[in-house]
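# Examination of the molecular architecture
Here is what each chain is made of, one letter per residue.
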Amino acid sequence: MRWVSSRGGSPAVPFIDALFAGTAPDGGLYMPERLEPLSPGQLDAIRAANGDIVAIGTIVGSHLLRDEITVDAMRALVTDALDFPIPLVQVTGNIWALELFHGPTLAFKDVGARTQARLLHHFTDGTPLTILVATSGDTGSAVAQAFHGVPDTRVVVLYPEGKVSDVQEAQMASLGDNITAVAVHGTFDDCQWLVKQAFADDDLRSHVWLTPANSINLGRLLPQTFYYFVLTSLGPPEGGHYRNLVVSVPSGNFGNLTAGLIAKRIGLPVNRFVAATNVNDVVPEYLRTGEYKPRGSVRTVANAMDVGAPSNFERMRAMYGDSFESLRCDIAGAAFDDATVVAEIGSVFRQYGYLLDPHGAIAWLGLRQNLAAGERGVFLATAHPAKFREVVEPAIGDAIPLPPVLAEAIKRPRHSEKLRVDYPTLKSLLLARTR
Ligand SMILES: *Cc1c(COP(=O)(O)O)cnc(C)c1O
(Lines give C-alpha, C1' and ligand atoms only; values in the text may rest on other atoms or scores of the structure.)
Protein backbone atom coordinates (compact mmCIF):
# COMPACT_ATOMS: atom_id res chain seq x y z
CA MET A 1 0.00 0.00 0.00
CA ARG A 2 1.13 3.52 -0.72
CA TRP A 3 0.59 6.65 1.31
CA VAL A 4 -0.74 9.93 -0.03
CA SER A 5 -0.96 13.50 1.24
CA SER A 6 -4.26 14.83 2.60
CA ARG A 7 -3.72 17.83 0.29
CA GLY A 8 -3.21 15.70 -2.77
CA GLY A 9 -0.21 17.74 -3.95
CA SER A 10 2.63 15.27 -3.30
CA PRO A 11 3.48 11.96 -4.92
CA ALA A 12 2.39 8.72 -3.22
CA VAL A 13 5.22 7.17 -1.21
CA PRO A 14 5.99 3.84 0.46
CA PHE A 15 5.33 3.55 4.19
CA ILE A 16 8.97 3.90 5.22
CA ASP A 17 9.20 7.34 3.57
CA ALA A 18 5.94 8.53 5.15
CA LEU A 19 7.04 7.20 8.53
CA PHE A 20 10.31 9.12 8.64
CA ALA A 21 9.05 12.26 6.91
CA GLY A 22 6.26 13.21 9.31
CA THR A 23 4.42 15.61 7.01
CA ALA A 24 4.19 15.42 3.21
CA PRO A 25 6.16 17.90 1.04
CA ASP A 26 2.94 19.81 0.22
CA GLY A 27 2.36 20.37 3.95
CA GLY A 28 -0.42 17.78 4.17
CA LEU A 29 -0.61 14.69 6.36
CA TYR A 30 0.02 11.22 5.07
CA MET A 31 -2.90 8.85 4.81
CA PRO A 32 -3.46 5.44 3.24
CA GLU A 33 -4.12 5.58 -0.50
CA ARG A 34 -6.78 2.89 -0.18
CA LEU A 35 -8.01 0.95 2.84
CA GLU A 36 -8.77 -2.72 2.27
CA PRO A 37 -11.23 -4.25 4.74
CA LEU A 38 -10.03 -7.04 7.02
CA SER A 39 -11.11 -10.44 5.73
CA PRO A 40 -13.90 -12.40 7.50
CA GLY A 41 -11.19 -14.78 8.71
CA GLN A 42 -9.17 -11.94 10.20
CA LEU A 43 -12.26 -10.50 11.90
CA ASP A 44 -13.03 -13.93 13.37
CA ALA A 45 -9.48 -14.19 14.68
CA ILE A 46 -9.80 -10.72 16.22
CA ARG A 47 -13.01 -11.72 18.02
CA ALA A 48 -11.40 -14.96 19.17
CA ALA A 49 -8.52 -12.94 20.66
CA ASN A 50 -11.07 -11.77 23.24
CA GLY A 51 -9.50 -8.39 23.92
CA ASP A 52 -5.85 -9.52 23.89
CA ILE A 53 -4.21 -6.35 22.58
CA VAL A 54 -1.04 -8.09 21.36
CA ALA A 55 -2.97 -10.61 19.28
CA ILE A 56 -5.27 -7.88 17.94
CA GLY A 57 -2.43 -5.45 17.21
CA THR A 58 -0.58 -8.18 15.33
CA ILE A 59 -3.53 -8.86 13.03
CA VAL A 60 -4.56 -5.25 12.46
CA GLY A 61 -1.01 -3.92 12.21
CA SER A 62 0.18 -6.52 9.76
CA HIS A 63 -2.97 -5.94 7.70
CA LEU A 64 -2.42 -2.17 7.49
CA LEU A 65 1.29 -2.63 6.74
CA ARG A 66 0.95 -5.84 4.79
CA ASP A 67 3.48 -4.99 2.08
CA GLU A 68 5.94 -3.59 4.58
CA ILE A 69 6.33 -5.90 7.54
CA THR A 70 5.86 -9.61 8.27
CA VAL A 71 3.33 -10.94 10.76
CA ASP A 72 6.14 -12.28 12.95
CA ALA A 73 7.99 -8.97 13.00
CA MET A 74 4.73 -7.17 13.80
CA ARG A 75 4.00 -9.57 16.65
CA ALA A 76 7.46 -9.03 18.17
CA LEU A 77 7.10 -5.29 17.89
CA VAL A 78 3.62 -5.13 19.41
CA THR A 79 4.57 -7.55 22.20
CA ASP A 80 7.38 -5.23 23.21
CA ALA A 81 5.38 -2.00 22.80
CA LEU A 82 2.06 -2.94 24.37
CA ASP A 83 3.21 -4.61 27.56
CA PHE A 84 0.32 -3.23 29.61
CA PRO A 85 -3.39 -4.13 29.69
CA ILE A 86 -6.16 -2.25 27.87
CA PRO A 87 -9.23 -3.41 29.77
CA LEU A 88 -12.86 -2.86 28.83
CA VAL A 89 -14.65 -2.06 32.08
CA GLN A 90 -18.43 -2.05 32.46
CA VAL A 91 -19.55 1.12 34.23
CA THR A 92 -23.29 0.55 34.03
CA GLY A 93 -25.80 -1.56 32.10
CA ASN A 94 -25.08 -0.45 28.56
CA ILE A 95 -21.90 1.61 29.01
CA TRP A 96 -18.27 0.50 29.08
CA ALA A 97 -14.98 2.34 29.54
CA LEU A 98 -12.05 1.32 27.37
CA GLU A 99 -9.15 2.15 29.69
CA LEU A 100 -6.17 3.31 27.68
CA PHE A 101 -4.19 4.66 30.63
CA HIS A 102 -2.30 1.69 32.04
CA GLY A 103 1.00 2.45 30.24
CA PRO A 104 4.13 4.01 31.80
CA THR A 105 2.94 7.63 31.66
CA LEU A 106 -0.67 6.71 32.47
CA ALA A 107 -2.15 8.27 29.33
CA PHE A 108 -3.30 6.87 26.01
CA LYS A 109 -0.38 8.44 24.12
CA ASP A 110 1.77 5.59 25.44
CA VAL A 111 0.06 3.26 22.95
CA GLY A 112 1.00 5.32 19.91
CA ALA A 113 4.40 6.51 21.10
CA ARG A 114 5.67 3.09 22.22
CA THR A 115 4.64 1.45 18.97
CA GLN A 116 6.02 4.32 16.90
CA ALA A 117 9.40 3.95 18.65
CA ARG A 118 9.61 0.31 17.67
CA LEU A 119 8.38 0.91 14.12
CA LEU A 120 11.10 3.52 13.63
CA HIS A 121 13.70 1.11 14.95
CA HIS A 122 12.36 -1.70 12.75
CA PHE A 123 12.76 0.42 9.64
CA THR A 124 16.23 1.83 10.41
CA ASP A 125 19.30 0.24 8.86
CA GLY A 126 21.43 0.47 11.99
CA THR A 127 22.21 4.15 11.45
CA PRO A 128 21.61 5.84 14.81
CA LEU A 129 18.44 7.90 14.79
CA THR A 130 17.94 11.02 16.88
CA ILE A 131 14.44 11.99 17.92
CA LEU A 132 14.37 15.66 18.79
CA VAL A 133 11.33 17.06 20.59
CA ALA A 134 10.28 20.21 22.36
CA THR A 135 7.71 19.71 25.07
CA SER A 136 5.60 21.62 27.54
CA GLY A 137 5.47 18.39 29.54
CA ASP A 138 3.24 15.53 28.50
CA THR A 139 4.46 14.70 24.99
CA GLY A 140 8.10 14.74 26.10
CA SER A 141 7.54 12.33 28.95
CA ALA A 142 5.55 9.92 26.76
CA VAL A 143 8.19 10.03 24.00
CA ALA A 144 11.11 9.65 26.44
CA GLN A 145 9.46 6.67 28.13
CA ALA A 146 8.51 5.18 24.76
CA PHE A 147 12.04 5.19 23.31
CA HIS A 148 13.88 4.30 26.51
CA GLY A 149 16.03 1.26 25.76
CA VAL A 150 15.09 1.03 22.05
CA PRO A 151 18.38 0.23 20.21
CA ASP A 152 19.93 2.62 17.67
CA THR A 153 17.74 5.49 18.81
CA ARG A 154 18.29 8.37 21.16
CA VAL A 155 15.85 11.03 22.32
CA VAL A 156 16.82 14.61 23.00
CA VAL A 157 13.93 16.33 24.73
CA LEU A 158 13.90 20.08 25.37
CA TYR A 159 11.66 21.45 28.08
CA PRO A 160 11.36 24.88 29.71
CA GLU A 161 13.23 24.77 33.00
CA GLY A 162 10.94 25.05 36.02
CA LYS A 163 7.81 25.06 33.86
CA VAL A 164 6.90 21.38 33.72
CA SER A 165 5.37 19.39 36.57
CA ASP A 166 7.50 17.45 39.01
CA VAL A 167 6.22 14.12 37.68
CA GLN A 168 6.82 15.14 34.07
CA GLU A 169 10.38 16.22 34.77
CA ALA A 170 11.02 12.97 36.61
CA GLN A 171 9.71 10.98 33.65
CA MET A 172 12.11 12.73 31.25
CA ALA A 173 15.20 13.33 33.37
CA SER A 174 15.46 10.15 35.41
CA LEU A 175 15.81 7.63 32.58
CA GLY A 176 19.37 8.17 31.37
CA ASP A 177 20.74 5.69 28.78
CA ASN A 178 19.53 6.81 25.35
CA ILE A 179 17.38 9.64 26.75
CA THR A 180 18.87 13.12 27.13
CA ALA A 181 16.73 15.67 28.94
CA VAL A 182 17.61 19.30 28.27
CA ALA A 183 16.33 22.01 30.60
CA VAL A 184 16.12 25.20 28.54
CA HIS A 185 16.43 28.52 30.30
CA GLY A 186 13.38 29.93 28.52
CA THR A 187 9.80 29.21 27.53
CA PHE A 188 8.16 26.37 25.60
CA ASP A 189 8.20 28.64 22.53
CA ASP A 190 11.97 28.98 22.92
CA CYS A 191 12.26 25.18 23.00
CA GLN A 192 10.20 24.94 19.83
CA TRP A 193 12.31 27.62 18.18
CA LEU A 194 15.51 25.71 18.97
CA VAL A 195 14.08 22.49 17.56
CA LYS A 196 13.01 24.30 14.41
CA GLN A 197 16.54 25.65 13.92
CA ALA A 198 17.93 22.13 14.16
CA PHE A 199 15.52 20.71 11.59
CA ALA A 200 16.36 23.58 9.23
CA ASP A 201 20.13 23.09 9.61
CA ASP A 202 21.37 21.09 6.59
CA ASP A 203 24.90 20.90 7.93
CA LEU A 204 23.70 19.32 11.16
CA ARG A 205 21.40 16.98 9.26
CA SER A 206 24.26 15.73 7.11
CA HIS A 207 25.86 14.43 10.33
CA VAL A 208 22.88 13.50 12.45
CA TRP A 209 19.82 11.56 11.31
CA LEU A 210 17.02 13.62 12.85
CA THR A 211 13.34 12.80 13.04
CA PRO A 212 10.43 14.45 14.86
CA ALA A 213 8.06 12.38 16.99
CA ASN A 214 4.94 14.45 16.75
CA SER A 215 1.42 13.20 17.02
CA ILE A 216 0.57 13.62 13.34
CA ASN A 217 3.08 10.92 12.41
CA LEU A 218 1.69 7.69 10.94
CA GLY A 219 3.78 5.70 13.40
CA ARG A 220 1.64 7.16 16.17
CA LEU A 221 -1.67 7.12 14.32
CA LEU A 222 -1.82 3.54 13.04
CA PRO A 223 -1.34 1.71 16.36
CA GLN A 224 -4.26 3.70 17.75
CA THR A 225 -6.53 1.67 15.47
CA PHE A 226 -5.61 -1.52 17.40
CA TYR A 227 -7.47 -0.90 20.63
CA TYR A 228 -10.75 -0.10 18.91
CA PHE A 229 -10.91 -3.78 17.97
CA VAL A 230 -10.90 -4.72 21.66
CA LEU A 231 -14.56 -3.66 21.43
CA THR A 232 -15.36 -6.73 19.34
CA SER A 233 -14.91 -8.74 22.55
CA LEU A 234 -18.25 -7.30 23.67
CA GLY A 235 -19.87 -9.56 21.10
CA PRO A 236 -23.33 -9.00 19.66
CA PRO A 237 -26.17 -8.31 22.10
CA GLU A 238 -28.84 -10.96 22.60
CA GLY A 239 -30.19 -12.02 19.25
CA GLY A 240 -28.64 -8.89 17.85
CA HIS A 241 -26.13 -7.58 15.46
CA TYR A 242 -22.65 -6.27 16.21
CA ARG A 243 -23.50 -2.90 14.77
CA ASN A 244 -25.33 -1.17 17.55
CA LEU A 245 -22.23 0.25 19.13
CA VAL A 246 -21.51 3.94 19.69
CA VAL A 247 -17.97 5.01 20.62
CA SER A 248 -17.21 8.34 22.26
CA VAL A 249 -13.70 9.78 21.86
CA PRO A 250 -12.35 12.67 23.96
CA SER A 251 -10.61 14.79 21.37
CA GLY A 252 -8.02 17.53 21.02
CA ASN A 253 -5.88 17.04 17.93
CA PHE A 254 -8.26 14.31 16.72
CA GLY A 255 -5.62 11.64 16.15
CA ASN A 256 -7.50 9.21 18.35
CA LEU A 257 -10.79 9.72 16.51
CA THR A 258 -9.08 9.55 13.09
CA ALA A 259 -7.70 6.15 14.08
CA GLY A 260 -11.25 5.10 14.98
CA LEU A 261 -12.48 6.15 11.55
CA ILE A 262 -9.74 4.04 9.94
CA ALA A 263 -10.78 1.12 12.16
CA LYS A 264 -14.37 1.49 10.96
CA ARG A 265 -13.23 1.63 7.34
CA ILE A 266 -11.41 -1.68 7.70
CA GLY A 267 -14.26 -3.46 9.44
CA LEU A 268 -14.84 -2.35 13.04
CA PRO A 269 -18.54 -2.94 13.66
CA VAL A 270 -19.54 0.44 15.03
CA ASN A 271 -22.59 2.55 14.29
CA ARG A 272 -21.06 5.95 14.87
CA PHE A 273 -18.56 7.94 16.88
CA VAL A 274 -19.00 10.89 19.19
CA ALA A 275 -16.38 13.64 18.87
CA ALA A 276 -16.37 14.91 22.46
CA THR A 277 -14.46 18.07 23.34
CA ASN A 278 -14.08 20.69 26.03
CA VAL A 279 -15.00 24.29 25.12
CA ASN A 280 -12.36 24.15 22.36
CA ASP A 281 -15.18 22.91 20.16
CA VAL A 282 -14.28 23.77 16.56
CA VAL A 283 -15.09 20.25 15.35
CA PRO A 284 -18.45 19.84 17.15
CA GLU A 285 -19.28 23.30 15.82
CA TYR A 286 -18.36 22.21 12.31
CA LEU A 287 -20.54 19.10 12.67
CA ARG A 288 -23.44 21.35 13.67
CA THR A 289 -23.02 24.18 11.17
CA GLY A 290 -20.82 22.91 8.34
CA GLU A 291 -18.38 25.74 8.97
CA TYR A 292 -14.84 25.12 10.19
CA LYS A 293 -13.41 28.03 12.14
CA PRO A 294 -10.10 27.23 13.86
CA ARG A 295 -9.10 29.68 16.58
CA GLY A 296 -6.79 30.17 19.55
CA SER A 297 -7.14 27.60 22.34
CA VAL A 298 -8.74 28.18 25.72
CA ARG A 299 -7.39 26.62 28.93
CA THR A 300 -9.61 23.98 30.54
CA VAL A 301 -9.47 21.25 33.18
CA ALA A 302 -9.01 18.70 30.37
CA ASN A 303 -5.83 20.43 29.22
CA ALA A 304 -4.52 17.66 26.95
CA MET A 305 -7.43 18.62 24.69
CA ASP A 306 -6.90 22.40 24.70
CA VAL A 307 -6.52 22.64 20.94
CA GLY A 308 -8.10 25.35 18.82
CA ALA A 309 -6.82 24.20 15.42
CA PRO A 310 -6.76 20.38 15.48
CA SER A 311 -4.03 19.05 13.22
CA ASN A 312 -5.82 15.85 12.22
CA PHE A 313 -8.97 17.59 11.03
CA GLU A 314 -7.75 17.79 7.44
CA ARG A 315 -6.98 14.09 7.51
CA MET A 316 -10.53 13.30 8.71
CA ARG A 317 -12.01 15.51 6.06
CA ALA A 318 -9.86 14.03 3.30
CA MET A 319 -10.88 10.52 4.37
CA TYR A 320 -14.48 11.51 3.64
CA GLY A 321 -13.70 13.15 0.31
CA ASP A 322 -14.48 16.51 1.89
CA SER A 323 -18.15 15.59 2.20
CA PHE A 324 -19.76 17.20 5.20
CA GLU A 325 -22.82 14.97 4.84
CA SER A 326 -20.94 11.67 4.94
CA LEU A 327 -18.70 12.82 7.77
CA ARG A 328 -21.82 13.70 9.72
CA CYS A 329 -23.26 10.21 9.18
CA ASP A 330 -20.35 8.69 11.10
CA ILE A 331 -19.65 11.35 13.74
CA ALA A 332 -21.79 13.28 16.22
CA GLY A 333 -20.31 16.23 18.10
CA ALA A 334 -20.54 17.19 21.76
CA ALA A 335 -18.79 19.82 23.90
CA PHE A 336 -18.77 20.50 27.65
CA ASP A 337 -17.56 23.28 29.93
CA ASP A 338 -15.41 22.83 33.02
CA ALA A 339 -18.22 23.16 35.55
CA THR A 340 -20.20 20.38 33.87
CA VAL A 341 -17.13 18.14 33.71
CA VAL A 342 -16.20 18.59 37.37
CA ALA A 343 -19.78 18.04 38.55
CA GLU A 344 -20.04 14.87 36.44
CA ILE A 345 -16.83 13.38 37.89
CA GLY A 346 -18.43 13.72 41.34
CA SER A 347 -21.83 12.34 40.41
CA VAL A 348 -20.52 9.36 38.38
CA PHE A 349 -18.27 8.45 41.31
CA ARG A 350 -21.15 8.61 43.77
CA GLN A 351 -23.65 6.83 41.54
CA TYR A 352 -21.51 4.12 39.90
CA GLY A 353 -18.31 4.06 41.95
CA TYR A 354 -16.31 4.73 38.79
CA LEU A 355 -13.60 7.40 38.90
CA LEU A 356 -13.27 9.49 35.74
CA ASP A 357 -10.45 11.84 34.80
CA PRO A 358 -11.53 15.13 33.13
CA HIS A 359 -10.88 13.77 29.59
CA GLY A 360 -12.73 10.53 30.17
CA ALA A 361 -15.55 12.52 31.80
CA ILE A 362 -16.01 14.49 28.58
CA ALA A 363 -16.21 11.27 26.58
CA TRP A 364 -18.72 9.83 29.07
CA LEU A 365 -20.87 12.99 28.85
CA GLY A 366 -20.74 12.89 25.05
CA LEU A 367 -21.85 9.29 25.09
CA ARG A 368 -24.76 9.88 27.46
CA GLN A 369 -25.94 12.70 25.25
CA ASN A 370 -25.83 10.61 22.07
CA LEU A 371 -26.81 7.07 23.04
CA ALA A 372 -30.22 5.94 21.79
CA ALA A 373 -32.37 3.23 23.36
CA GLY A 374 -31.13 -0.25 22.47
CA GLU A 375 -27.62 0.94 21.68
CA ARG A 376 -24.50 0.07 23.61
CA GLY A 377 -21.87 2.66 24.30
CA VAL A 378 -18.14 2.71 24.91
CA PHE A 379 -16.17 5.78 25.93
CA LEU A 380 -12.40 5.99 25.74
CA ALA A 381 -10.78 6.74 29.10
CA THR A 382 -7.53 8.41 28.03
CA ALA A 383 -5.82 9.38 31.31
CA HIS A 384 -5.49 7.91 34.78
CA PRO A 385 -7.52 10.06 37.22
CA ALA A 386 -4.43 10.37 39.47
CA LYS A 387 -2.73 12.37 36.72
CA PHE A 388 -5.32 15.09 37.26
CA ARG A 389 -5.54 14.97 41.05
CA GLU A 390 -5.97 18.73 41.35
CA VAL A 391 -9.27 18.46 39.46
CA VAL A 392 -10.48 15.04 40.54
CA GLU A 393 -9.90 15.27 44.31
CA PRO A 394 -12.08 18.36 44.88
CA ALA A 395 -14.72 16.85 42.55
CA ILE A 396 -15.12 13.74 44.70
CA GLY A 397 -14.18 15.39 47.98
CA ASP A 398 -11.51 12.82 48.73
CA ALA A 399 -7.78 12.20 48.21
CA ILE A 400 -6.56 9.64 45.68
CA PRO A 401 -3.19 7.92 45.96
CA LEU A 402 -0.37 8.45 43.47
CA PRO A 403 -0.03 5.24 41.42
CA PRO A 404 3.23 3.31 42.02
CA VAL A 405 4.80 4.11 38.60
CA LEU A 406 4.54 7.83 39.32
CA ALA A 407 5.55 7.56 42.97
CA GLU A 408 8.69 5.65 41.93
CA ALA A 409 9.57 8.04 39.10
CA ILE A 410 9.52 10.99 41.49
CA LYS A 411 12.04 9.30 43.77
CA ARG A 412 14.63 8.42 41.09
CA PRO A 413 17.69 10.67 40.69
CA ARG A 414 17.48 13.12 37.80
CA HIS A 415 19.93 14.61 35.38
CA SER A 416 19.26 17.35 32.83
CA GLU A 417 21.67 19.20 30.57
CA LYS A 418 21.23 22.95 31.02
CA LEU A 419 20.89 25.08 27.93
CA ARG A 420 20.53 28.78 27.24
CA VAL A 421 18.35 29.77 24.28
CA ASP A 422 21.33 29.52 21.97
CA TYR A 423 21.24 27.35 18.87
CA PRO A 424 25.02 26.75 18.41
CA THR A 425 25.16 25.18 21.88
CA LEU A 426 22.29 22.84 21.04
CA LYS A 427 24.00 21.97 17.76
CA SER A 428 27.23 20.99 19.47
CA LEU A 429 25.28 18.92 21.99
CA LEU A 430 23.57 17.07 19.15
CA LEU A 431 26.85 16.52 17.31
CA ALA A 432 28.80 15.44 20.39
CA ARG A 433 26.35 12.70 21.22
CA THR A 434 26.59 11.01 17.83
CA ARG A 435 30.19 9.93 18.35
C1 LIG B 1 -3.73 13.79 23.81
C2 LIG B 1 -4.87 13.47 24.71
C3 LIG B 1 -6.21 13.51 24.26
C4 LIG B 1 -6.59 13.97 22.87
O5 LIG B 1 -6.22 13.06 21.88
P6 LIG B 1 -6.18 13.54 20.35
O7 LIG B 1 -5.71 12.36 19.60
O8 LIG B 1 -5.19 14.68 20.30
O9 LIG B 1 -7.54 13.98 19.99
C10 LIG B 1 -7.23 13.13 25.12
N11 LIG B 1 -6.96 12.76 26.37
C12 LIG B 1 -5.69 12.72 26.87
C13 LIG B 1 -5.48 12.33 28.28
C14 LIG B 1 -4.61 13.06 26.04
O15 LIG B 1 -3.37 13.03 26.55
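We now turn to the structure provided with this report.

## Let's talk about the sheet that holds strand β4 (residues 95–99)
On the basis of which strands lie adjacent, the open sheet formed by six strands has the order β3-β4-β12-β9-β10-β11 and mixed pairing. Single-partner strands in this sheet number two, and they are β3 (88–92) and β11 (331–335). Between one strand axis and the next, the sheet turns through 25 degrees on average, direction left out of account. Across the face of the sheet, helix α12 (residues 282–289) comes into contact with β10 (272–277) and β11 while running at roughly 125 degrees to β11. Against the sheet, helix α16 (residues 358–370) makes contact with β3, β4, β9 (245–250), β10, β11 and β12 (376–381), and its axis sits at roughly 165 degrees relative to β12, the strand it touches most.

## Some words on the side chain of Asn256
Looking at the secondary structure, you find Asn256 in helix α11 (residues 255–265). Given the relative accessible area of 4%, Asn256 is considered buried. Apart from the residues lying within four places of it in its own chain, the contact partners of Asn256 are Leu100, Phe108, Gln224, Tyr227, Tyr228, Val249, Leu380 and Thr382.

## Quick notes on the side chain of Arg272
Checked against the element boundaries, Arg272 lands in strand β10. Here the side chain of Arg272 touches Glu375 through a polar contact of 2.8 Å, side chain to side chain. If we ignore the near neighbours within four places in the chain, the residues touching Arg272 are Leu245, Val246, Val247, Cys329, Asp330, Asn370, Ala372 and Glu375.

## As for the packing of aromatic side chains
Scanning the model with the defined rule gives twelve aromatic pairs in all. Looking at Arg265, its charged tip hangs above the ring of Tyr320, at a distance of 5.1 Å from the centre.

## What about the sheet that holds strand β6 (residues 153–160)?
Within a sheet, neighbouring strands are paired by backbone hydrogen bonds and run either parallel or antiparallel to one another. Ordered by their spatial adjacency, five strands build an open sheet running β8-β5-β6-β7-β13, and the pairing between neighbours is parallel. Strands at the two margins of the open sheet, each flanked by one partner only, are β8 (209–211) and β13 (417–419). Taken pair by pair, the neighbouring strands of this sheet meet at an average axis angle of 25 degrees, ignoring direction. The pairing of strand β5 (residues 129–134) with β8 spans three bridges and is parallel. Bridge pairing in β8 links Thr130 to Leu210.

## Remarks on the pattern of salt bridges
Applying the stated criterion across every chain yields a total of 16 salt bridges. One salt bridge connects Arg328 with Glu325, and the closest N-O pair in it is separated by 3.7 Å. Of the two residues, Arg328 and Glu325 are both situated in helix α14 (residues 324–330); the distance of three residues between them amounts to about one turn of the helix. On the accessibility criterion, Arg328 (37% relative accessible area) is partly exposed. With relative accessibility at 48%, the residue Glu325 sits in the partly exposed group.

Conventions adopted
- Residues numbered from 1 in each chain as written.
- Predicted model: local features only at pLDDT ≥ 70, side-chain atom pairs only at ≥ 80, totals over all residues.
- Heavy atoms only, no water.
- Pairing = 2+ DSSP bridges.
- Helix = DSSP H or I, 4+ residues; strand = E, 2+ residues; numbered from the N terminus.
- Axes fitted to C-alpha atoms, helices over the stretch in contact; angles between N-to-C directions.
- Contact = heavy atoms within 4.5 Å.
- Buried < 20%, exposed > 50% of the residue type's maximum accessible area, 1.4 Å probe, protein only.
- Polar contact = N/O pair within 3.5 Å; in protein donor to acceptor, adjacent residues only side chain to side chain.
- Phe/Tyr/Trp six-rings, centres within 6.5 Å; stacked < 30°, edge-to-face > 60°.
- Lys NZ or Arg CZ within 6 Å of the ring centre and 35° of its normal.
- Salt bridge = Lys/Arg side-chain N within 4 Å of Asp/Glu carboxyl O.

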